[in-house]
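Each chain is listed here by its residues.
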Amino acid sequence: MSSHDVALAVYVLFVLGGLLLQLLSSRDGSRIPSLGSVITRVMRTRSGRVGIVAGWAWLGLHFFAR
Amino acid sequence: MPRLEKLGAGEHESRHLSPAPAIGAAVRDPIIGILLLAGIFDWLSGNAIHSVLLFTAALALAWDAIVPHPIEGTGPAVPVPTRLGPIPVAGALAYSVIIGGFGRYSWTTTIAVIVPAGAALALAWRRRGHAGPGPKRLDPVGEVAWASVFVALALWELTQLLLQPSLTTDSYAHPTISVLTDPVLTTHPGRSIVLFLWLALGWFLLQR
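These numbers come from a predicted model, not from an experiment.

Rules and cut-offs
Residues numbered from 1 in each chain as written. Chains lettered and ligands numbered in written order. Predicted model: local features only at pLDDT ≥ 70, side-chain atom pairs only at ≥ 80, totals over all residues. Helix = DSSP H or I, 4+ residues; strand = E, 2+ residues; numbered from the N terminus. Rg over C-alpha atoms; globule rule 2.2 N^0.38 Å. Buried ≥ 20, exposed ≤ 12 C-beta atoms within 10 Å, placed from the backbone. Domains from an automatic or database assignment. Axes fitted to C-alpha atoms, helices over the stretch in contact; angles between N-to-C directions. Parallel < 35°, antiparallel > 145°, perpendicular 65-115°, else oblique. Left-handed = near helix turned anticlockwise from the far one by under 90°. Contact = placed C-beta atoms within 7 Å. Nonpolar A, V, L, I, M, F, W, Y, C, P; charged D, E, K, R; others polar. Core = buried A, V, L, I, M, F, W, Y, C linked by C-beta atoms within 7 Å.

Trainee: Mind showing me how you'd approach the overall build of chain A here?
Mentor: Counting secondary structure elements, chain A contains 3 helices and 0 strands. When the helices and strands of chain A are read in sequence order from the N terminus, they spell out α-α-α. Computed over the C-alpha atoms, the radius of gyration of chain A is 16 Å, more than 25% above the 11 Å expected from 2.2 N^0.38 for a compact globule of 66 residues. By residue count, 36% of the 66 residues in chain A fall in the buried class.

Trainee: Help me out: how do you make sense of the domain arrangement of chain A in this one?
Mentor: Interface size is commonly expressed as the accessible surface area that is lost when the partners come together. Domain annotation of chain A identifies domain 1 (1–32) and domain 2 (33–66). A separation of 20 Å is found between the C-alpha centroids of domain 1 of chain A and domain 2 of chain A.

Trainee: Would you explain the packing of helix α2 (residues 30–44) of chain B against helix α3 (residues 48–66) of chain B in this entry?
Mentor: Residues and elements named next belong to chain B. In the contact formed by α2 and α3, the axes pass within 8 Å of each other and the chain directions differ by 160°. As far as their axial angle goes, α3 and α2 are roughly antiparallel. Here α2 and α3 pass one another in a crossing that is left-handed. Where α2 abuts α3, its residues I31, I32, L35, L36, A38, G39, D42 and W43 lie against A48, H50, S51, L54, F55, A57, A58, L61 and A62. Taken together, the residues that form the contact of α2 with α3 break down as 13 nonpolar, 3 polar and 1 charged.

Trainee: How should the interface of chain B and chain A be read in this particular structure?
Mentor: In this assembly, 55 residues from chain B lie in contact with 41 residues from chain A. Elements represented by at least two residues in the side of chain B that touches chain A include exactly α2, α3, α5 (107–126), α6 (140–163), α7 (177–185) and α8 (188–206) of chain B. Per-element accounting of the side of chain B that touches chain A gives the leading share, 10 residues, to α5 of chain B.

Trainee: Before we go on, may I ask you to explain unusual backbone geometry in this structure?
Mentor: Peptide bonds are, in most cases, trans, and in most cases residues other than glycine have a negative phi. Here Y105 of chain B, not a glycine, exhibits a phi torsion of approximately 70°, which is positive. Judged by the 11 C-beta atoms lying within 10 Å of it, Y105 of chain B is exposed.

Trainee: I tried to follow the nonpolar core on my own but got confused; where do I start?
Mentor: The tendency in soluble globular proteins is for nonpolar side chains to be buried as a group. Residues V53, A54 and A57 of chain A together with A57 and L121 of chain B are the most contacted members of the largest nonpolar core, which totals 29 residues. Among the elements that take part in this core, helix α3 (residues 46–64) of chain A stands out by supplying 9 residues, more than any other. Those residues in contact with A54 of chain A, other than ones at most four positions away along the chain, are L35, L53, L54, A57 and L121 of chain B. With 5 residues, the next largest nonpolar core counts L21, I32 and V38 of chain A together with A145 of chain B among its residues.

In structure tokens:
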């Protein structure tokens, strides 16, 4: 298994981990919140709103802008 | 960020924060630290425009915590529509198809991305906190679980970045997420789809 394959496998693990948490959040009485709830909670403050939206803006710049 | 008690109608802009706790709050705010750290790495990677955005957001938040200012949430509400009609959706599609036709890292694309990004940041800055039925407090178990995924992902991405020959030279053996998405973003349809998804994510976030 090459370094490239290991790197890819770890990225896939993170995606699966996120999907698992999202699935667990949909169970009745779950202690795991959905990702949407987490984002909503973080964005209750100006700091959280600006931080999250800055992250989104950065994504656009990173993939497309100079 | 420091908070004062809710003010009644007409009381806004009359109370100020004392500097000492405000400075402490700015230093403690992890979001400011994360933005500064990301800005430094982007600067070192040669991405001046990206780092300026991150530094600006970090400094604005630090200023917000340090300098006496009107209490958050007392200004006019900035409405964001919860449902988009066909015209904004058609506009987003047209934007994605047209801008996706330009090359990545061109000035046209750069400006076309900066404009909605800046507008969204301004909205996020001015907007009041979510007043709907969202969660007041999350279970610590859930907070730790989600934080673990994102922190671990960030550390793995950073590891791949540092294992590259240099910060500005891609590596097949140690690919960052950017390197993995390059094949998609080299095509016009790929760029258009990702741009549309980016706009949709921004709209979703502004609903929070």
